[in-house]
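Chains, contacts and geometry: an overview
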Amino acid sequence: MNDTSISRAAETAPDFAGLISRLAGVLPAHCILSRVEDTRPYECDGLTLYRSLPPVVMLPENEAQLVAIMQGCKALNIPIVARGAGTGLSGSALPHPQGVLIGLAKLNRIKKIDPQACTAVVQPGVRNLAISEAAAPYGLYYAPDPSSQIACSIGGNIAENSGGVHCLKYGLTVHNVVRARVVTIDGDVIELGSEAPDAPGLDLLAAFIGSEGMLGVVTEATVRLIPKPACARVVMASFGSVEAAGQAVTNVIAAGIIPAGLEMMDKRAVHMVEPFVKAGYDLDAAAILLCESDGTQEEVEHEISRMEAVFQQAGATRLQVSRSEEERLVFWAGRKNAFPAAGRISPDYYCMDGTIPRRHLSRVLNAIEQMEDEYGLRCANVFHAGDGNLHPLILFDANQPGEIERAEKFGAAILELCVQVGGTITGEHGVGVEKINQMCVQFSREELDFFSAVKRGFDPYGLLNPEKVIPTLVRCAEYGKMHVHGGELRFPDLPRF
């Protein structure tokens with residue numbers, strides 16, 4: 001792998017005027033944005049630490065227009081960044097300063113709900129929650145439910161392999177998308193996966209899901225729908241220490257119970273969320289668990305009793321079971337509103353995303369608490385405890401000198417701790433620009449070479465979302481030197497705020 005192998009984009013000044021002229025007969029004028037006041041809303045995704053004003057934003061209304069944009073950009077060697085709803089949290093949709101940003105919000109049709117096959121065919125701009133709303137009359141729903149599901153789009157979910165509170169039992173996006181229609185950098189339209197039980201050849205769909213826009217752009221996806229359970233209830237369990245709560249998580253899985261959702265919040269997160277949502281959380285607890293069971297009435301009653309027994313044995317100080325659907329939703333509302341609740345107690349927050357083996361939950365949480373003193377910042381922890389996916393919320397004030405840098409270093413330290421205990425640097429938010437240095441920590445040169453080879457197989461020109469996810473050898477060498485010589489950690493050289 002060399003430094004030109006995955007990004008040869010925009011070696012000369014991009015010919016945006018030529019591109020716009022080329023597309024004049026294909027793309028309506030209102031779908032091409034180039035004035036600063038029009039492109040400014042696209043300068044970042046949900047990771048607002050990094051911003052880059054896109055020179056041109058194009059908003060295709062159909063697949064043919066997207067094909068023309070891809071072919072035009074390839075012909076003129078112009079980089080492309082695809083964007084869904086912009087709710088991503090790793091900077092994957094950060095615009096390229098010499099490229100075109102393609103917004104997919106206008107491709108927002110639900111083309112088909114098939115209640116017999118239990119599938120839905122949707123365009124990439126369809127909101128995650130809209131799929132379940134459309135499937136509800138058939139008693140079906142789409143299981144992956146990120147906290148941003150009211151706004152995030154299925155195209156972005158595919159790019160990031162999004163999860164949600166119910167991913168423990170029902171899987172991530174990769175487990176719930178069976179087919180994708182994709183436009184390549186050459187403008188070819190290909191189909192990955194199949195609505196049949198299996199697809200011939202290599203499983204390229206699995207490679208594509210989570211590839212963060214580096215391999216192609218989705219124009220249509222077939223997603224799996226599942227029957228809405230007849231009953232669902234949540235056990236809310238309080239614990240006097242994070243160690244006891246972490247052990248309870250391990251014990252639930254060891255008992256052969258696979259909850260529909262198993263979430264954990266530490267004391268700071270509980271105190272942050274409760275005044276905002278008023279979910280009835282235990283403010284005296286060091287940590288609380290939300291453990292959901294779903295199925296038939298009989299199945300749920302039996303599983304809830306088993307969950308309660310496990311929690312009592314693990315030392316739960318308080319147990320509360322939802323008594324109605326309304327109360328169940330209130331319990332979850334606190335967890336799902338943790339991010340906006342952070343805005344009530346801190347001017348800014350930095351949401352991290354790492355995954356660790358469940359047995360190390362308490363160890364990592366205690367280490368994060370020690371890091372708070374080291375970096376002089378507070379951190380609230382909310383996460384998918386069942387599969388070890390952490391979402392520490394580092395609280396800071398961008399107006400205070402040095403706090404942005406300390407927040408970045410704090411986040412990097414958490415991610416590298418995840419790797420040290422046998423975990424990974426991301427669970428569902430992606431790498432983007434945020435974690436590109438930590439890719440050097442997690443993977444060897446040989447592994448990064450392989451990732452680059454896959455990228456070249458789909459995009460030999462290095463035009464699709466360049467300079468993200470896969471670090472160059474120079475970057476890794478520089479980052480390694482900083483570690484070896486004890487210098488300051490380095491982060492992407494991008495404008496912030």
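What counts, and at which threshold
Residues numbered from 1 in each chain as written. Predicted model: local features only at pLDDT ≥ 70, side-chain atom pairs only at ≥ 80, totals over all residues. Heavy atoms only, no water. Helix = DSSP H or I, 4+ residues; strand = E, 2+ residues; numbered from the N terminus. Rg over C-alpha atoms; globule rule 2.2 N^0.38 Å. Buried < 20%, exposed > 50% of the residue type's maximum accessible area, 1.4 Å probe, protein only. Contact = heavy atoms within 4.5 Å. Areas by Shrake-Rupley, 256 points an atom, 1.4 Å probe, with all protein chains shown as cover. Lys, Arg positive; Asp, Glu negative; His and termini not counted. Charge placed at Lys NZ, Arg CZ, Asp CG, Glu CD. Axes fitted to C-alpha atoms, helices over the stretch in contact; angles between N-to-C directions. Parallel < 35°, antiparallel > 145°, perpendicular 65-115°, else oblique. Left-handed = near helix turned anticlockwise from the far one by under 90°. Pairing = 2+ DSSP bridges. Phe/Tyr/Trp six-rings, centres within 6.5 Å; stacked < 30°, edge-to-face > 60°. Expected span 1.5 Å × (residues − 1). Salt bridge = Lys/Arg side-chain N within 4 Å of Asp/Glu carboxyl O.

A closer look at the overall build of the protein chain
A tally of helices and strands in the protein chain yields 17 helices and 19 strands. Whereas a compact globule of 497 residues would reach a radius of gyration of roughly 23 Å, the protein chain reaches 23 Å, a difference of no more than 12%. Overall size of the protein chain, expressed as C-alpha extent along the three principal axes, is 70 × 60 × 45 Å. Taken across its 497 residues, the protein chain has 56% of its residues classed as buried. Partitioning the intrachain contacts of the protein chain with sequence separation of at least 6 by distance along the chain shows that 73% fall at a separation of at least 24. For the protein chain, the exposed area adds up to about 19,700 Å²; of that, 51% sits on carbon and sulfur atoms. On the protein chain, the mean spot of the 43 positive side-chain charges and the mean spot of the 59 negative ones are 2 Å from each other.

As for the side chain of E434
Assignment of secondary structure puts E434 in the loop between helix 14 (403-420) and helix 15 (436-442). For E434, the contacting residues outside a window of four places in its chain are L47, Y50, L89, S90, Y350, C351 and M352.

Focus: the packing of helix 13 (residues 361-375) against helix 14
A packed helix pair is summarised by two numbers, namely the angle formed by the two axes and the spacing between the axes. Packing of helix 13 against helix 14 brings their axes to within 11 Å, and their N-to-C directions diverge by 155 degrees. On the basis of the axis angle, helix 13 is roughly antiparallel to helix 14. Considering only the axes of helix 13 and helix 14, their crossing is right-handed. The residues of helix 14 that touch helix 13, namely those facing V364, A367, I368, M371, E372 and Y375, are R406, K409, F410, A413, I414 and L417.

Topic: the sheet that holds strand 5 (residues 110-114)
Strands in a sheet are paired, the pairing made by backbone hydrogen bonds, and the direction either parallel or antiparallel. Taken in spatial order, the five strands make up an open sheet running 5-6-10-8-9, and their pairing is antiparallel. Only two strands of the sheet have a single partner each, and these edge strands are strand 5 and strand 9 (189-193). Each strand axis lies, on average, 15 degrees off the axis of its neighbour in the sheet, ignoring direction. Of the pairings in the sheet, the one linking strand 8 (residues 177-183) to strand 10 (residues 217-224) comprises six bridges and is antiparallel in character. For V177, the partnering residue across the bridge sits in strand 10 and is V223. Against the sheet, helix 3 (residues 63-75) contacts strand 8, strand 9 and strand 10, and its axis sits at roughly 55 degrees relative to strand 8. Against the sheet, helix 4 (residues 128-135) engages strand 5, strand 6 (119-122) and strand 10, with an angle of about 45 degrees to strand 5.

Some thoughts on the sheet that holds strand 2 (residues 56-58)
The strand order across the open sheet built from four strands is 1-2-4-3, with neighbouring strands paired in mixed fashion. For this open sheet the edge positions go to strand 1 (32-33) and strand 3 (80-83), each flanked by a neighbour on one side alone. Note: strand 3 against strand 4 (residues 100-103), four bridges, orientation parallel. By the bridge assignment, R83 is partnered in strand 4 with G103.

Side note on the packing of aromatic side chains
Within this structure, the stated rule accounts for four aromatic pairs. Consider the rings of F239 and F311, whose centres lie 6.1 Å apart with planes at 80 degrees: the pair is edge-to-face. Separated by 72 residues along the polypeptide, F239 in strand 12 (residues 231-239) and F311 in helix 10 (residues 297-313) bring together distant segments of the chain. Ring geometry for F339 and Y349: centres 6.2 Å apart, planes at 40 degrees, overall tilted. Of this pair, F339 sits in helix 12 (residues 338-345) while Y349 sits in strand 16 (residues 348-351); the two residues are 10 residues apart in sequence, bridging distant segments of the chain. F339 gets classed as buried once you look at its relative accessible area, which sits at 14%.

Topic: helix 8 (residues 242-254)
Residues three or four positions apart in an α-helix share a direction because the helix packs 3.6 residues into each turn. Along its 13 residues, helix 8 runs 18 Å from first to last C-alpha, staying within 8% of the 18 Å computed at 1.5 Å per residue. All of the buried residues along helix 8 are V242, A244, A245, G246, A248, V249, V252 and I253. If you follow the buried residues of helix 8, they end up packed against helix 6 (167-170), strand 12, strand 13 (261-266), strand 14 (287-295), helix 10 and helix 13. G256 sits one or two positions beyond helix 8 and adopts a positive phi of about 85 degrees.

Focus on the pattern of salt bridges
Under the definition given, this model contains 24 salt bridges. The partner of R318 in a salt bridge is D282, with the nearest N and O atoms 4.0 Å apart. With R318 in strand 15 (residues 318-321) and D282 in the loop between helix 9 (267-277) and strand 14, this residue pair connects regions lying 36 residues apart in the sequence. One network of salt bridges, in which partners are shared, links E63, K111, R179, R181, E191, E195 and E220.

Details of the environment of I78
Relative to the assigned elements, I78 resides in the loop between helix 3 and strand 3. The sequence separation of I78 and G462 amounts to 384 residues, and the corresponding C-alpha distance is 9.8 Å.

Quick notes on unusual backbone geometry
For E212, which is not a glycine, the phi torsion comes out positive at approximately 60 degrees. With respect to the helices and strands, E212 occurs in the loop between helix 7 (204-208) and strand 10. Using a relative accessible area of 5% as the deciding quantity, one classes E212 as buried. Of note in the backbone geometry, E467 takes a positive phi value of approximately 65 degrees without being a glycine. Positionally, E467 belongs in the loop between helix 16 (445-458) and helix 17 (473-484).

Here we look at the environment of G193
With respect to the secondary-structure elements, G193 resides in strand 9. Taking the relative accessible area as the measure of exposure, G193 reaches 31% and is therefore partly exposed. Setting aside anything within four residues of it in sequence, one finds G193 in contact with V178, R179, A199 and L205.

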